[in-house]
Amino acid sequence: MEEKKYRIACVHVNKSPFSFDMEVLESEFNILPYDDLVSLIHGLQEKSISHINGLIFFGSERPPLQIIQKLASLGIYPLVWKTGRITQLNREAALRSKLSEMFDESSTAEDVIRRMNYLIEHPAKYTLDNTADIRYQMPLVKRLFDVISSFCALILLLPLFLLIALAIRIESKGPVFYYSWRIGTGFQAFKFYKFRSMYTGADSRLKELKHLNQYGTATDPNTAGDESRSKTSENASGLLYTDGMALTEAEFRQLKKEKEGATFIKIKDDPRVTRVGKFIRNTSLDELPQLWNVFIGDMSIVGNRPLPLYEAEKITTDRFARRFLAPAGITGLWQVTKRGKGEMSEEERMQLDNDYARDYSFRRDIKLILKTIPALLQKENV
Amino acid sequence: MEKTLLAVDDEKSILMILDFVFGKKYKVVQKNNGQEAVQWLQQGNMPDVIVADMNMPEMNGFEFILQIRSSGLYRDVPLIMLSGNENTADKIKCLNAGADDYLIKPFNPEELEARINNIFRRMR
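It should be emphasised that the depicted structure is a prediction, and the values quoted were computed from it without experimental measurement.

About the cut-offs
- Residues numbered from 1 in each chain as written.
- Chains lettered and ligands numbered in written order.
- Predicted model: local features only at pLDDT ≥ 70, side-chain atom pairs only at ≥ 80, totals over all residues.
- Pairing = 2+ DSSP bridges.
- Helix = DSSP H or I, 4+ residues; strand = E, 2+ residues; numbered from the N terminus.
- Axes fitted to C-alpha atoms, helices over the stretch in contact; angles between N-to-C directions.
- Contact = placed C-beta atoms within 7 Å.
- Core = buried A, V, L, I, M, F, W, Y, C linked by C-beta atoms within 7 Å.
- Buried ≥ 20, exposed ≤ 12 C-beta atoms within 10 Å, placed from the backbone.
- Domains from an automatic or database assignment.
- Nonpolar A, V, L, I, M, F, W, Y, C, P; charged D, E, K, R; others polar.
- Expected span 1.5 Å × (residues − 1).
- Right-handed = clockwise from strand over helix to strand, strands pointing away.
- Parallel < 35°, antiparallel > 145°, perpendicular 65-115°, else oblique.

Asks: Hey, could you go over the sheet that holds strand 3 (residues 49-53) of chain B for me, with residue numbers and the actual values?
Replies: One key point about sheets: their strands pair by backbone hydrogen bonds, in either a parallel or an antiparallel sense. All names here are of chain B. Ordered in space as 2-1-3-4-5, the five strands form an open sheet in which the pairing is parallel. Looking at the sheet topology across the chains shown, the edges are occupied by strand 2 (26-31) and strand 5 (101-104). Each strand of the sheet is rotated relative to its neighbour by a mean of 20°, with strand direction disregarded. As paired strands, strand 3 and strand 4 (residues 79-83) are joined by four bridges and run parallel to one another. The residue bridging A52 from the neighbouring strand is M81, located in strand 4. Contacts between helix 1 (residues 12-22) and the sheet are confined to strand 1 (3-8), strand 2 and strand 3, with strand 2 contributing the most and set at about 175° to the helix.

Written out as structure tokens, the structure is:
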């Protein structure tokens, strides 16, 4: 048998499958199926997934521009979109977003193999200036403000940091800080630091609660997203039984959706949280180490909340992916708007993120910082 | 909007003629072989019609047809072959591979223009 040459990632392969047998492709290429683009990107960045030659994205909607650009910057070429039926409209969309090729139901295995081989062996010399408009460049004033303010804050808060660190260590064993991977500007993943507010090693006992934990624990960053998702569905079906109700599939889906939506909300009185943890969470002191993230440039003081992998993955349309154009930040429009007003739908929240991305300025940032202070002081059990 | 004609030929004189004949109505993009033409397309360019030679270095006309017709992005672009090769077997091979028409050199530019216009008329 001939050696398989190229590694092709197939994302969401069951969303718009080829009309021919995939086995034909598998005999030519090394086909790697993925369900999760953001995790794939993260895996590539962290080198836990070795280089792939090309990517075929299956689905009726093309992936968001920021994701396409991110993949291109990681040297993935060609980026191919497989849709149900090629129309003038989606063809133009593919060209505009610099996708290298597209296929549909009428494409044969021969077509796909011929084009993939050619594209891999003859990559187009990409002129990135056309995509420059969707790149984010932090304004100098903003960065300067971030560096100075975070540096001053870190110095001033040093005694408080030591105090919190001491309290954490006294109550429970384990590191003072922990990090989780977050997706910030331009789908860039970075280590998001916090004070540890939970017991370590309690994971096995509390695994079933994991999906409810907004911040995740510092588990393997590559599987964290998938895990939380599969846990969600398990739990959703478990809930059906305990409720003892007969539900139609539609109702079940609705319930599951609500359940998945719940991953965005911090749960109340999580038993994994230490007493010190509870205090620093209520006072938002656990967020202070993010000043370090600001100082080293991962994020800004004001910006859109960086999202965990599994949440970033859910944002699959250009409209909402716009939020990744703006800087990631500790506080932002939705934090200020949210507190005190109770629950806010995911949709509204993403809308706020987009609003910020569309129109942000230094003046607006200062306003938001000022608004954040009273919001922080609010003693709400969140 | 001005239409774009992609002319692919390793013979400079043919490109000059095509540019001279179609230059007023079209934006004529000239490429010296199939490879160059495909590279240009891969940069995200979408021509309205392609006129290509058969015998070219790097990538010949037949390979070029196969690449264009395999591509979901470019498979609907009208493609007319222009060749000194009178062999009907080759002509049939190209038409079967997806070329819309096949003209033999020496050709009358007016005939080429008429054939292009007919393709556009059918596409409407």
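Asks: Outline the nonpolar core, supporting the account with residue identities and numerical values.
Replies: Residues and elements named next belong to chain A. The biggest cluster of nonpolar side chains holds 99 residues, and the ones touching the most others in it are L55 and V80. Counting only domains with at least three residues in this core, you end up with domain 1 (7-134) and domain 2 (140-197 + 273-377). When neighbours within four sequence positions are excluded, V80 is seen to be in contact with G54, L55, I56, F57, L99, S100, E101, M102 and F103.

Asks: If you had to explain the interface of chain B and chain A to someone new, which residues and values would you point to?
Replies: Opposite the 11 residues of chain B that make contact, chain A presents 18 residues. Listed by contribution, the elements that provide at least two residues to the side of chain B that touches chain A are helix 2 (34-42) and helix 3 (61-70) of chain B. Here the side of chain B that touches chain A takes three residues from helix 3 of chain B, the largest share from any one element. The residue makeup of the side of chain B that touches chain A, split by class, is three nonpolar, eight polar and no charged.

Asks: Can you break down helix 5 (residues 109-121) of chain A residue by residue, with the values?
Replies: An α-helical turn contains 3.6 residues, so a residue and the one three or four places further along point in the same direction. Compared with the 18 Å implied by 1.5 Å per residue over 13 residues, the 18 Å span of helix 5 of chain A between its first and last C-alpha is a close match. The secondary structure elements touched by the buried residues of helix 5 of chain A are strand 1 (7-11), helix 1 (22-28), strand 3 (54-58) and strand 5 (101-103) of chain A together with helix 3 of chain B.

Asks: Break down the pairing of strand 3 of chain B for me, citing the residues and quoting the values.
Replies: For a regular strand, side chains alternate in direction, first toward one face of the sheet and then toward the other. Residues and elements named next belong to chain B. A large share of strand 3 lies buried, amounting to five of its five residues. Residues of strand 3 alternate between two faces, with V49, V51 and D53 on one and I50 and A52 on the opposite face, all of them buried. Pairing of strand 1 with strand 3 involves four bridges; the strand directions are parallel. For L6, the partnering residue across the bridge sits in strand 3 and is I50. Note that the unit made of strand 3, helix 3 and strand 4 has a crossover that is right-handed.

Asks: Describe unusual backbone geometry, and please don't skip the residues or the numbers.
Replies: Most peptide bonds take the trans form, and the phi angle of most residues other than glycine is negative. With omega at 0°, the peptide bond leading from A:Y77 into A:P78 counts as cis. Look at the link from B:K105 to B:P106: it is a cis peptide, with omega at 0°. Examined against the element boundaries, B:P106 turns out to sit in the loop between strand 5 and helix 5 (109-123). Notably, A:H12 is not glycine yet its phi reads approximately 55°, a positive angle. Look at B:E58: it is not a glycine, yet its phi comes out positive at around 65°. When you line up the elements, B:E58 lands in the loop between strand 3 and helix 3. On the neighbour-count criterion, B:E58 (14 C-beta atoms within 10 Å) is partly exposed.

Asks: Before we move on, could you go through the packing of helix 7 (residues 158-171) of chain A against helix 11 (residues 275-282) of chain A and cite the residues and values that matter?
Replies: All names here are of chain A. One can describe the packing of helix 7 onto helix 11 by two numbers: an axis separation of 9 Å at closest approach and a directional angle of 150°. Viewed along their axes, helix 7 and helix 11 adopt a mutual orientation that is roughly antiparallel. Facing helix 7, whose interface residues are I164, A167, I168 and E171, helix 11 presents R275, V276 and I280.

Asks: Could you give an account of the sheet that holds strand 9 (residues 307-308) of chain A, naming the residues involved and the relevant values?
Replies: All names here are of chain A. Strand order in the open sheet formed by three strands is 7-6-9, and the pairing between neighbours is antiparallel. Each edge of the sheet is formed by a strand with only one pairing partner; in this case those strands are strand 7 (189-195) and strand 9. As defined by bridge partners, strand 6 (residues 177-183) adjoins strand 7 across seven bridges and the pair is classed as antiparallel. For R182, the partnering residue across the bridge sits in strand 7 and is F190.

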